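Single-letter residue listing:
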Amino acid sequence: MDTDELAVLIREVRSEIGHEDTEVRIAEAIFNGERDELLIVAPDRSDKSIIIGKGGWVVGRLRERLGIRRIHVESEIDLLMRRERVKFALERLAELRGSFRVLSLLEKPLRKRLEYPVGLDFLTESDSAPQHPIKEPDTAVALSGGTDSSFSLIAAVNLGLKPAAFTADPGTIVLPGHVRRAVDELTASLGVRHEYISMDFSEFQRAALEGRFHPCGRCSSMIEEVIMEQIKNEGIDTVIFGDLLSTGYGSLQVTDGILRVNLPALFAASKQELKSAVSPYGLRAASGFGCPLLGEVHRRYPHMRRYSIQRVLRETRAGVLEPGEALELVWSICGSRRTN
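These remarks concern the structure in this document.

1. Quick look at the sheet that holds strand S5 (residues 163-169)
In spatial order, the strands read S6-S5-S4-S7-S9-S8; together these 6 strands make up an open sheet with mixed pairing. Both outer strands of the open sheet, strand S6 (193-198) and strand S8 (252-255), are each paired with one neighbouring strand and no more. Taking the axes of each pair of neighbouring strands and ignoring which way they run, one obtains an average angle of 25° across the sheet. The strands that helix H4 (residues 76-96) touches are S8 and strand S9 (258-262); relative to S8, the one it contacts most, it runs at about 35°.

Next up, the structure:
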């Protein structure tokens, strides 16, 4: 079926479910037979909305009519940006080629991403997991227990790396019990060596709860510092973080002879793609924004919420979060739930 035939079918579906008749524009349609899924590329986001329909009803009925497993609808504008970021990452990889072993394992999946820039399941799907813990790691993964870092660890294993995972542990006010359990279960299922690194957050916690500063930026810096110190002591030359924002050239950085790979950013990933990619592992995405410490700071000092909202908007501007996802996070920051 070519794009014109597909556009006619979408108009028929819209009519069947009571949507208004309107012109349907499709820039490209790519069927992935291996995954039994169709990628529909709309010229812009407004065209994407027409194809998806209110509540996703149009694309859902279209999938039934075509008898395929999954349909993705993306705007050409968004895919152009994603592909350009992957191209920049490939250029940076070429600059560093030969310096670190991990780089030789990244080019092929990056080119696959360039060819079909929707979905990252191919980085997390594996028919077999290691039966014994990896004893001699060649890569470290900073594992916080969230979706981004969990994806990074799973992908590292499936890329053929030998990762060790390190989790900074400042106490339950930052690393609550359910997150620890998720970390323990994931590393055990992957057969990955894992260590908690204890941190004294008492002074930091006291200052944050006194309202001296918004804790997120300083907390991230302190955690990164202890992770980097640990891998230096281990003699590991590559560390993977779950950073989503440092895309393109920024996704591969070398400092003091250590390669930092911001893996989700390397593949220009979105939050939705990461959630989908890790879903087979039973990982539960956080229902709100931030840790218990941040929640208490928000409660005591409502003006601090604006800085958390700014962090959400930063990811939205970068295309990491969809507007709907961002709205849910903003509601959670404000201590409310959307009711309509």
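Picking up where we left off.
2. Some points on the pairing of S5
Of all 7 residues that make up S5, 7 are buried, and the element is covered over most of its length. Both faces of S5 are covered, namely the face carrying Pro163, Ala165, Thr167 and Asp169 and the face carrying Ala164, Phe166 and Ala168. Relative to S6, S5 runs parallel, the two being bridged by 6 bridges. Bridge pairing in S6 places Asp169 opposite Ser198. For the handedness criterion, the β-α-β arrangement of S5, helix H7 (residues 177-190) and S6 is classed as right-handed.

3. Structural notes on the nonpolar core
In this structure, Leu103, Leu106, Leu252 and Leu266 are the most contacted members of the largest nonpolar core, which totals 44 residues. Listing elements by their share of this core, those giving two or more residues are H4, helix H6 (147-158), H7, S9, helix H10 (263-266) and helix H11 (271-278). Excluding residues within four positions of it along the chain, Leu252 makes contact with Ala89, Arg92, Leu93, Leu96, Leu103, Leu106, Leu259, Arg260, Val261 and Leu266.

4. Structural notes on H7
Here H7 contains 14 residues, and its C-alpha end-to-end distance of 20 Å stays within 8% of the 20 Å for a straight helix at 1.5 Å per residue. Burial in H7 covers these residues: Val179, Val183, Leu186, Thr187 and Leu190. The arc that holds every buried residue of H7, seen down its axis, measures 95°, which confines them to one face. Residues of H7 that are exposed and point more than 90 degrees away from the buried face comprise Arg181, Glu185 and Ala188. Looking at the buried side of H7, the elements it contacts are H6, S5 and S6. Backbone geometry just after H7 places Gly191 at a positive phi near 70°.

5. Observations regarding the sheet that holds strand S2 (residues 37-42)
Strand order in this open sheet of 3 strands is S1-S2-S3, and the pairing throughout is mixed. In this open sheet, the two edge strands, each paired with only one partner strand, are strand S1 (28-32) and strand S3 (70-75). With direction set aside, neighbouring strand axes in the sheet form an average angle of 15°. Pairing geometry for S2 and S3, over 6 bridges, is parallel. The residue bridging Glu37 from the neighbouring strand is Arg70, located in S3. Along the sheet, H4 makes contact with S2 and S3, crossing S3 at roughly 85°.

6. Digging into the environment of Ala7
Among the structural elements, Ala7 can be located in helix H1 (residues 3-16). Judged by its relative accessible area of 11%, Ala7 falls in the buried class. Those residues within four positions of Ala7 in sequence are excluded, and the remaining contacts are Val24 and Ile26.

7. Considering helix H2 (residues 45-52)
Restricting attention to buried positions, one finds in H2 the residues Asp47, Lys48, Ile50 and Ile51. Projection of H2 onto a plane perpendicular to its axis shows the buried side chains occupying an angular sector of 160°, all on one side. Packing partners of the buried residues in H2 comprise H1, S2, helix H3 (57-66) and S3. Once H2 ends, the next one or two residues include Gly53, with phi positive near 80°.

8. Considering the pattern of salt bridges
Taken as a whole and assessed by the stated rule, the structure comprises 33 salt bridges. One salt bridge in this structure joins Arg45 and Glu322, with 3.7 Å as the shortest N-O distance. Remark: Glu322 occurs in the loop between helix H13 (305-317) and helix H14 (323-334) and Arg45 occurs in helix H2; sequence separation between them is 277 residues. Between Glu273 and Arg82 there is a salt bridge whose closest N-O contact spans 3.4 Å.

Procedures and definitions
- Residues numbered from 1 in each chain as written.
- Predicted model: local features only at pLDDT ≥ 70, side-chain atom pairs only at ≥ 80, totals over all residues.
- Heavy atoms only, no water.
- Pairing = 2+ DSSP bridges.
- Helix = DSSP H or I, 4+ residues; strand = E, 2+ residues; numbered from the N terminus.
- Axes fitted to C-alpha atoms, helices over the stretch in contact; angles between N-to-C directions.
- Contact = heavy atoms within 4.5 Å.
- Buried < 20%, exposed > 50% of the residue type's maximum accessible area, 1.4 Å probe, protein only.
- Right-handed = clockwise from strand over helix to strand, strands pointing away.
- Core = buried A, V, L, I, M, F, W, Y, C linked by side-chain atoms within 4.5 Å.
- Expected span 1.5 Å × (residues − 1).
- Arc of directions from axis to C-beta.
- Salt bridge = Lys/Arg side-chain N within 4 Å of Asp/Glu carboxyl O.

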